[in-house]
Amino acid sequence: QSTPWDTHLDVYLGGFVFRLFIFHPHQLVLLRAAGNRALERSLRWHLSERPQHVTFVRSLTVKYASYARAVQLAKQWLHAHLLTEQLREEAVELLV
C-alpha cells in the first residue's frame, strides 16, 4: 500500500513506512523560473546539500575519534544556554 503526496510517496510495507522523494536537478530550475524560491531552497537543501553535509560529517567522525563527542558536548552547551534556536545542528557540526 502507498500514499502519494505532492512532494513524496509513502510506501507501507511490513509495518514500516518508507518515504520516497523523486528528484531531478531540472526541477530546481523550473521552480526558480516559476518564482517559488522557498520550495526551491528547501528541495536543494534536503535533496542535494544535506546529503553532502552528512557525508562530510561522517568522514570527520571516522577520521577523528573525538569529533562525535565534541559535537555532542557543543550541542549540550548550546542547549544549556538556550541557544539551540539560534543555530542549526548542521552549523554546530561545522563549527566544531
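Structure shown above.
Presented here is a report on the structure given in the accompanying data block.

Reading the values: the criteria
- Residues numbered from 1 in each chain as written.
- Predicted model: local features only at pLDDT ≥ 70, side-chain atom pairs only at ≥ 80, totals over all residues.
- Heavy atoms only, no water.
- Pairing = 2+ DSSP bridges.
- Helix = DSSP H or I, 4+ residues; strand = E, 2+ residues; numbered from the N terminus.
- Axes fitted to C-alpha atoms, helices over the stretch in contact; angles between N-to-C directions.
- Phe/Tyr/Trp six-rings, centres within 6.5 Å; stacked < 30°, edge-to-face > 60°.
- Lys NZ or Arg CZ within 6 Å of the ring centre and 35° of its normal.
- Salt bridge = Lys/Arg side-chain N within 4 Å of Asp/Glu carboxyl O.
- Buried < 20%, exposed > 50% of the residue type's maximum accessible area, 1.4 Å probe, protein only.

Considerations on the sheet that holds strand 2 (residues 9–13)
Taken in spatial order, the three strands of this open sheet run 1-2-3, and their pairing is antiparallel. Looking along the sheet, the strands with just one partner apiece sit at the ends: strand 1 (2–4) and strand 3 (16–20). This sheet shows a mean twist of 15° between the axes of neighbouring strands, independent of strand direction. The pairing of strand 2 with strand 3 spans five bridges and is antiparallel. By the bridge assignment, D10 is partnered in strand 3 with R19.

Some remarks on the packing of aromatic side chains
Taken as a whole and judged by the stated rule, the model has zero aromatic pairs. Above the ring of W45, the side-chain terminus of R88 is found at 4.6 Å from the ring centroid.

Details of the pattern of salt bridges
Two side chains with opposite charge may pair up if their charged atoms get near one another. Under the definition given, this model contains eight salt bridges. Among the salt bridges present, the one from K75 reaches E93, with a minimum N-O distance of 3.2 Å. One end of the pair, K75, is in helix 3 (residues 67–80); the other, E93, is in helix 4 (residues 89–95), and 18 residues separate them in sequence. R88 is the partner of E90 in a salt bridge, and the nearest nitrogen-oxygen pair spans 3.6 Å. Given the relative accessible area of 15%, E90 is considered buried. You can call R88 partly exposed: its relative accessible area is 49%. Connected via shared salt-bridge partners are R32, R37, E40 and R44.

Focus: the pairing of strand 2
Examined bridge by bridge, strand 1 and strand 2 share three bridges and lie antiparallel to one another. Note on strand 2: the bridge partner recorded for T3 is D10. Hairpin geometry of strand 1 and strand 2 is characterised by an intervening segment of four residues between the two adjacent antiparallel strands. In sequence, strand 2 turns back onto strand 3 through a hairpin of two residues, with G14 there showing a positive phi of about 60°.

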